Structures are given as C-alpha cells and as structure tokens.
Amino acid sequence: MDRPWTEETLKKHPKMSPQDRAKIFAPLAALRGHSERLGEEDVKLMRSERVELSEDEAQMLSDKLSQIKKGMNVTVTYFQADEDSGDVGYYLTLTGVVTSVDLVYRVLKIDVGNVKDLVIGFEDILDVSRDVLVDIESCFRYEKISENSDYND
C-alpha cells in the first residue's frame, strides 16, 4: 500500500527528492571502493591488440593527416600501448585542438582540456576526423562520358 499523503503529513514531512534521499544513504555503502574496482576491471576487459591498417586504409589516413593544420578542432582515435607490452593496449578517442603537425617526426600534438600538447605518433593513429576534411578521391572523381555523347573523339 502507498503511504497516505495528507496535507498535515506533507507539512510535517515534505516529500524528498531522490537525489536528497541518495545523499542520506550514501555513507552506508557497505562496499567502499567496489564501484571503482569494477570500473578498473571494465578497462582491463577493453584491452585489445594493435590493428594493422591495410595499404588503402593507410593511404586514406595519410590523406586526412595531410589536411590537418594548426588550430583545427579534430577527433582522433589512437592506440595507447600498455606499459607491459607494446602490441596490447587501448584504443582511445579524444577531441581537441591541434597545436602542431610534425611531418618529419610523424607526430600530432593536440590540446585536450587539461592536457597540453598530447603527442600522438602517426603509427598509433587509427582514424582522424573533422567536419571539413575532404575525401581526396571525391576531389578527383570524374564521370565517364557515354558513348552516345556528342563529345566523342
């Protein structure tokens, strides 16, 4: 049965929001640190091996990287290796402002919130995107002229 809510009861004991009720019972958490520990285990489960790009994928990524300039806001998906092993780690996706693109040393530097000049090697990048990046193939597409056209040579 529901609790009867009369005007007199509501004056003495106003209805409490769920957030306020949660604050009351938070100190009674029986397993302190349990949720943080579960979060750590989830991260361990997300570990994966480094993905090797095909030649076509590598060329498309190279085309995208050649269009990135200082000051652009980009989203980068890159491989972060574990401390133990170089081929096992995590794929992270972050958005930030490009501070430099070094084609000689093949690194991309990005400011991400509280991290200034995060250095990402080109070999670790899986994908990079921005609204104005152009698909290079679409720039050079042409339509084949039909045989019935007036422009036949």
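Located above this text is the structure these notes cover.
Conventions used here
Residues numbered from 1 in each chain as written. Predicted model: local features only at pLDDT ≥ 70, side-chain atom pairs only at ≥ 80, totals over all residues. Heavy atoms only, no water. Helix = DSSP H or I, 4+ residues; strand = E, 2+ residues; numbered from the N terminus. Buried < 20%, exposed > 50% of the residue type's maximum accessible area, 1.4 Å probe, protein only. Contact = heavy atoms within 4.5 Å. Areas by Shrake-Rupley, 256 points an atom, 1.4 Å probe, with all protein chains shown as cover. Pairing = 2+ DSSP bridges. Core = buried A, V, L, I, M, F, W, Y, C linked by side-chain atoms within 4.5 Å. Salt bridge = Lys/Arg side-chain N within 4 Å of Asp/Glu carboxyl O. Polar contact = N/O pair within 3.5 Å; in protein donor to acceptor, adjacent residues only side chain to side chain.

Visitor: I'm lost on the overall build of the protein chain in this one. Help?
Guide: A tally of helices and strands in the protein chain yields 5 helices and 6 strands. For the protein chain, with 153 residues in total, the buried portion stands at 20%. Within the protein chain, counting contacts between residues at least 6 apart in sequence, those at least 24 apart form 49% of the total. As presented, the protein chain carries roughly 12700 Å² of accessible surface, and 52% of it is formed by carbon and sulfur atoms.

Visitor: Just to check I follow, could you spell out the environment of E49 for this structure?
Guide: Relative to the helices and strands, E49 is located in strand β1 (residues 48–49). Judged by relative accessible area, which is 60%, E49 ranks as exposed. For the pair E49 and F79, spaced 30 residues apart in sequence, the C-alpha to C-alpha distance is 9.0 Å.

Visitor: Hey, could you run me through the pairing of strand β2 (residues 73–81) in this one?
Guide: Both faces of the sheet carry side chains from a regular strand, because those side chains alternate between them. Pairing analysis gives 9 bridges linking β2 to strand β3 (residues 88–102), with the strands arranged antiparallel. Bridge pairing in β3 places V76 opposite L94. In terms of strand pairing, β2 meets strand β6 (residues 125–129) through 4 bridges, oriented antiparallel. Counted as the bridge partner of Y78 is I125 from β6.

Visitor: What is the right way to read the nonpolar core from this model?
Guide: Note that soluble globular proteins tend to have their nonpolar side chains buried in a common cluster. Counting 16 residues, the largest nonpolar core has I68, V74, V76, L108, I110 and I125 as the members making the most contacts within it. The set of elements that each furnish at least two residues to this core consists of α4 (55–67), β2, β3, β4 (107–112) and β6. Not counting chain neighbours up to four residues away, the residues in contact with I110 comprise V74, V76, L94, G96, V97, V98, T99, V115, K116, D117, L118 and I120.

Visitor: Just to check I follow, could you spell out the pairing of strand β5 (residues 115–121) for this structure?
Guide: Looking at chain direction, β4 and β5 are connected through 5 bridges and run antiparallel. Looking at β5, one finds that K109 is bridged to V119.

Visitor: Please explain the pattern of salt bridges as it appears in this structure.
Guide: Two side chains with opposite charge may pair up if their charged atoms get near one another. Enumeration over the complete set of coordinates arrives at 2 salt bridges. With its nearest N and O atoms 2.5 Å apart, the salt bridge here joins R50 to D124. In this pair, R50 is assigned in the loop between β1 and α4 and D124 in the loop between β5 and β6, connecting sequence segments 74 residues apart. Put simply, K64 and D127 hold a salt bridge, and the shortest N to O gap is 2.9 Å. Of this pair, K64 sits in helix α4 while D127 sits in strand β6; the two residues are 63 residues apart in sequence, bridging distant segments of the chain. Look at D127 and you get partly exposed, because its relative accessible area is 32%.

Visitor: How should the side chain of Q67 be read in this particular structure?
Guide: Within the element layout of this structure, Q67 appears in helix α4. For Q67, a relative accessible area of 18% corresponds to the buried category. Within polar-contact distance, the side chain of Q67 engages the backbone oxygen of D63 at 3.4 Å.

Visitor: What's the story with the environment of S129 in this structure? I'm lost.
Guide: Relative to the helices and strands, S129 is located in strand β6. Linking S129 and T95, residues 34 residues apart in sequence, is a C-alpha distance of 9.4 Å. In this structure S129 touches V74 and T75, once residues within four positions along its chain are discounted.

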